[in-house]
Amino acid sequence: MQAAYCALVVALKYAPVDPDFAIARQHLQAAIALSDEYHKLHNSIFWKTSPGSIKRKVREKCRNAAFDTYSHLLELADLVNKYAADQTSRNIPPPQSWQEFVNNLECAFEWIAREHSAEIYVKQLSLI
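### Let's talk about the pattern of salt bridges
Next, step 1: Taken as a whole, this structure holds 6 salt bridges when the rule is applied.
Next, step 2: Of the charged contacts in the structure, one is a salt bridge between Arg63 and Glu60, with a shortest N-O distance of 3.1 Å. Separated by 3 residues within a single helix, Arg63 and Glu60 lie in helix α3 (residues 52–89), roughly one turn from each other.
Next, step 3: Under the relative-accessibility criterion, Arg63 is labelled buried at 19%.
Next, step 4: Among the charged side chains, a salt-bridge network with shared partners connects Asp20, Asp86 and Arg90.

Have a look at this one:
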């Protein structure tokens, strides 16, 4: 999750500062906070020596943080696509840093999907 956190922080740096993009920025900031929380939770115990009950609780909290991070990223992706389509329909060129923003979001999605797909899948199954 640390790699995704870094990519999200850089994406926030390049995110458009536009009132139409405000909700998307909020989702991005929430994803950053949750990915940081995941990192802190995961490193909050000694995994080899901690009791099983503590490990289960920390795993559950990490699973929730990973799922919530991914959920915010999905909402963000939807809003980014709508924003880009709206800007294109009004013939407004993309911001100078748009490509860096999109690249960092793609990296964050890739890293979360690669590193935490099982956690996200387990949480999705528990919601059904």
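### Side note on the nonpolar core
Next, step 1: The biggest cluster of nonpolar side chains holds 30 residues, and the ones touching the most others in it are Leu8, Phe21, Leu28, Phe101 and Leu105.
Next, step 2: When contributions to this core are tallied by element, the ones reaching two or more residues are α1 (2–14), α2 (22–42), α3 and α4 (98–127).
Next, step 3: In terms of residue count, α3 provides more of this core than any other element does, 9 residues in total.
Next, step 4: Not counting chain neighbours up to four residues away, the residues in contact with Leu105 comprise Leu8, Ala11, Leu28, Leu76 and Val80.

### Side note on the environment of His42
Next, step 1: Mapped onto the elements of the fold, His42 is located in helix α2.
Next, step 2: As a C-alpha pair, His42 and Met1 span 41 residues in sequence and 9.6 Å in three-dimensional space.

Basis of the calculations
- Residues numbered from 1 in each chain as written.
- Predicted model: local features only at pLDDT ≥ 70, side-chain atom pairs only at ≥ 80, totals over all residues.
- Heavy atoms only, no water.
- Salt bridge = Lys/Arg side-chain N within 4 Å of Asp/Glu carboxyl O.
- Helix = DSSP H or I, 4+ residues; strand = E, 2+ residues; numbered from the N terminus.
- Buried < 20%, exposed > 50% of the residue type's maximum accessible area, 1.4 Å probe, protein only.
- Core = buried A, V, L, I, M, F, W, Y, C linked by side-chain atoms within 4.5 Å.
- Contact = heavy atoms within 4.5 Å.

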